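# Reading the structure
Below, each chain spelled out in residue letters.
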Amino acid sequence: SQPSEQRGESNSKATMADPYDYDDEDLPDPSLKNIIEQDSLQWIFVGGKGGVGKTTTSCCLGTQLAKHRKKVLIVSTDPAHNLSDAFCQKIGREPTPIQGFTNLSAMEIDATEDLDKMQRSMEDATGAGNDEDGNSGIQSLMTELTNSIPGIDEAMSFSELMKQVQNLDYDVVVFDTAPTGH
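Described in the following lines is the structure provided in the data block. (Residues numbered from 1 in each chain as written. Predicted model: local features only at pLDDT ≥ 70, side-chain atom pairs only at ≥ 80, totals over all residues. Heavy atoms only, no water.)

## Some thoughts on the overall build of the chain
The helix and strand tally for the chain stands at 6 helices and 5 strands. Secondary structure elements of the chain occur, N-terminal to C-terminal, as α-β-α-β-α-β-β-α-α-α-β. In the chain, which comprises 182 residues, the proportion classed as buried is 31%. Restricting to contacts in the chain with at least 6 residues of sequence separation, those with at least 24 account for 62%. Carbon and sulfur atoms form 50% of the exposed surface of the chain, whose accessible area is close to 12,200 Å². (Helix = DSSP H or I, 4+ residues; strand = E, 2+ residues; numbered from the N terminus. Buried < 20%, exposed > 50% of the residue type's maximum accessible area, 1.4 Å probe, protein only. Contact = heavy atoms within 4.5 Å. Areas by Shrake-Rupley, 256 points an atom, 1.4 Å probe, with all protein chains shown as cover.)

Right, dumping it as structure tokens:
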């Protein structure tokens, strides 16, 4: 009789690879220099809990990238918006050129405002009217949706943000994200 492999049968005892058994010599060095020199990087996300230095890191990455790339954008999705403080200038919803740089811009996104804007655009598109309480059907649906699924408001806002960013003409975008772990 033929062995099971030759008959087309699978071996029921599959072996899993040891997650610690890999060759890391092909991996790039974990350094700022390596990140700056990676021309293929288009989006860099800086994340972590509150107070760990996300904004400082994002600003440092942005300024260093501006030395090597044609156009760099830093986007803050953190509700505490500290890019204006970090660069000592007013930064808004639209890409704002950073003083002292010709190729570095920044913008601060308000997730709540984006969610409200998306809701208004859905109401306009559907022609939804208001009920007896003055609320539209879309508004009621959005309120129900955002209150029932944890994190859905952030996910929807992030989706809208990515649509905006993809239409902008930048070589690299650094995201200063909202704190995690809450």
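## Some remarks on the nonpolar core
Nonpolar side chains tend toward joint burial in soluble globular proteins. Counting 17 residues, the largest nonpolar core has Leu 65, Ile 74, Leu 83, Phe 87 and Leu 104 as the members making the most contacts within it. Counting only elements with at least two residues in this core, the list comes to β1 (43–46), α2 (54–66), β2 (72–76), α3 (83–87), β4 (104–108) and β5 (172–176). Each residue touching Leu 65, except ones within four places of it in the same chain, is listed here: Ile 35, Ile 36, Ile 44, Val 72, Val 172 and Val 174. In this structure, Val 75, Met 107, Val 173 and Phe 175 belong to the second largest nonpolar core, which totals 10 residues. (Core = buried A, V, L, I, M, F, W, Y, C linked by side-chain atoms within 4.5 Å.)

## Focus on the pairing of β5
Counting buried residues along β5, 5 of its 5 residues qualify, which places the element largely inside the surrounding structure. Where burial is concerned, the two faces of β5 agree: the one with Val 172, Val 174 and Asp 176 and the one with Val 173 and Phe 175 are both buried. Bridge analysis of β1 against β5 gives 4 bridges, and the strand direction is parallel. By the bridge assignment for β5, Phe 45 is matched with Phe 175. (Pairing = 2+ DSSP bridges.)

## A few points about the packing of aromatic side chains
For any pair of aromatic rings, the description rests on two quantities: the centre-to-centre distance and the angle between the ring planes. In total, this model carries 1 aromatic pair according to the counting rule given. Here Phe 45 and Phe 175 contribute two aromatic rings whose centre-to-centre distance is 4.4 Å and whose plane-to-plane angle is 5°, an arrangement assigned as stacked. Here the residue Phe 45 occupies a position in strand β1, and Phe 175 occupies one in strand β5, the gap between them amounting to 130 residues. Classification of Phe 45 as partly exposed rests on a relative accessible area of 42%. Positioned above the aromatic ring of Tyr 170 is the side chain of Lys 71, whose terminal nitrogen or guanidinium carbon lies 4.8 Å from the ring centre. (Phe/Tyr/Trp six-rings, centres within 6.5 Å; stacked < 30°, edge-to-face > 60°. Lys NZ or Arg CZ within 6 Å of the ring centre and 35° of its normal.)

## Some words on the sheet that holds strand β3 (residues 96–97)
The strand order across the open sheet formed by 5 strands is β1-β5-β2-β4-β3, and the pairing between neighbours is mixed. Two strands bound the open sheet, and with one partner strand each, they are β1 and β3. Taken together, the 5 bridges between β2 and β4 define a ladder with parallel strand orientation. Considered in β4, the bridge of Leu 73 is made with Ser 105. With respect to the sheet, α2 is in contact with β1, β2, β4 and β5, its orientation differing from that of β5 by roughly 165°. (Axes fitted to C-alpha atoms, helices over the stretch in contact; angles between N-to-C directions.)

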